[in-house]
Each structure stands twice: as structure tokens, then as C-alpha cells.
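Residues per chain, in single letters:
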Amino acid sequence: MSDIENIKAAIDEWNNGLDGGDIERMIASCDPEIITCNNGVPTKLGTQAVRDKYEPLIAGHHIKSGWEYEHIKIHGDMAIVSGFFTGRMTDKKTGDVRGGSGRLVLVYRRIKNGSWKMCLDMDNNSE
């Protein structure tokens, strides 16, 4: 596969893990020192921060994510991805539905085995 196909596959791993309620699959797609800059919360560092954010969401909701690519630019062993995301969460107990959408910038780093790991997740959730 090409670098772009591999990056898209890495993004699919994250989204499939999120939609499937598999936090370990999500964590496996991340660099250990991932930086998360998500709308309305302080910037966080590391996979534990990802775990802390998503484990409660996964435990309490059925999640469906959407993604539309805008740009993928590769610079050596780093790649910048921009696009638009959507998310829909249905509360497992009440059935209440909430969602979000917005712009997203991801940065991926190619590691020694040739795979790509997310090292920056920055969004501006508009809802």
C-alpha cells in the first residue's frame, strides 16, 4: 500500500475502534505521546488521556463516527491530515442522542516498522 493508503487505514482503525467500542484498538493507533487538543478542554498528552476521555463515552454510548478527507500532506515521516468529522452518540440506558461535527487536523508519524501512528488530534467541534 502507498503511504496515503496506510494513513487512511490507520484512521479507519481509530474510527472502527471508536464505533466498535474497542478502546485498545484506538490506543494501538496512537503514538504513546499523542497530543490531544480538543474543543473546550485543556490540551492533554499521552494515551492515558485518550483512554480517560473515551472509556466513559464508550461504556455509556453506542457511537457512530463519520469522516471526510480534505487534505493529506506527507513530509518525510510525518503526515498532516485535515478533514471534517461527525459523531453521533446514543445513550445505552436512555436512548438519548447527541452529536457533534467540525473540522479536524491529525498528524501522523511513521514509526520504525513502517506503520503510521497518530501523534496530534486537534478539533473544533461546532456543536
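Please read these numbers as outputs of a predicted model, since none were measured by experiment. (Residues numbered from 1 in each chain as written. Predicted model: local features only at pLDDT ≥ 70, side-chain atom pairs only at ≥ 80, totals over all residues. Heavy atoms only, no water.)

Participant: Help me understand the nonpolar core, please; the structure alone is not making it clear to me.
Facilitator: Grouped burial of nonpolar side chains is what soluble globular proteins tend to show. I7, W14, M26, Y54, V81, L106 and Y108 are the most contacted members of the largest nonpolar core, which totals 25 residues. Of all the secondary-structure elements, those providing two or more residues to this core are α1 (3–20), α2 (23–28), β1 (30–37), α3 (47–60), β3 (61–75), β4 (78–91), β5 (97–110) and β6 (116–125). The element best represented in this core is α1, accounting for 5 residues. Filtering out sequence-adjacent residues up to four positions away, Y54 remains in contact with W14, L18, I23 and M26. (Core = buried A, V, L, I, M, F, W, Y, C linked by side-chain atoms within 4.5 Å. Buried < 20%, exposed > 50% of the residue type's maximum accessible area, 1.4 Å probe, protein only. Helix = DSSP H or I, 4+ residues; strand = E, 2+ residues; numbered from the N terminus. Contact = heavy atoms within 4.5 Å.)

Participant: Would you take a moment to explain the sheet that holds β3 for this structure?
Facilitator: Note: strands within a sheet are paired through backbone hydrogen bonds, in either parallel or antiparallel orientation. Pairing is mixed in the open sheet, where 6 strands are placed in the order β2-β1-β6-β5-β4-β3. Because the sheet does not close on itself, it has two edges, and the strands there are β2 (44–45) and β3. Bridge count for β4 against β5 is 13 bridges, and the pairing is antiparallel. If you follow F85 over to β5, its bridge partner there is G102. In this fold α1 packs onto β1, β3, β4, β5 and β6, with an angle of close to 165° to the strand it touches most, β3. On the sheet, α3 packs against β1, β2, β3, β4 and β5 and is oriented at approximately 145° with respect to β3. (Pairing = 2+ DSSP bridges. Axes fitted to C-alpha atoms, helices over the stretch in contact; angles between N-to-C directions.)

Participant: When you look at the pairing of β4 in this model, what are you seeing that I'm missing?
Facilitator: The side chains of a regular strand alternate between both faces of the sheet. Sheet topology places β3 next to β4; 14 bridges connect them, and they run antiparallel. Looking at β4, one finds that K73 is bridged to I80. Counted between consecutive antiparallel strands, the loop separating β4 from β5 contains 5 residues, among which G95 sits at a positive phi close to 80°.

Participant: Please explain α1 as it appears in this structure.
Facilitator: Turn by turn, an α-helix covers 3.6 residues, leaving residues three or four places apart pointing in a common direction. Over its 18 residues, α1 extends 25 Å from the first C-alpha to the last, a length consistent with the 26 Å expected when each residue adds 1.5 Å. Phi turns positive one or two residues past the end of α1, at G21, with a value near 70°. (Expected span 1.5 Å × (residues − 1).)

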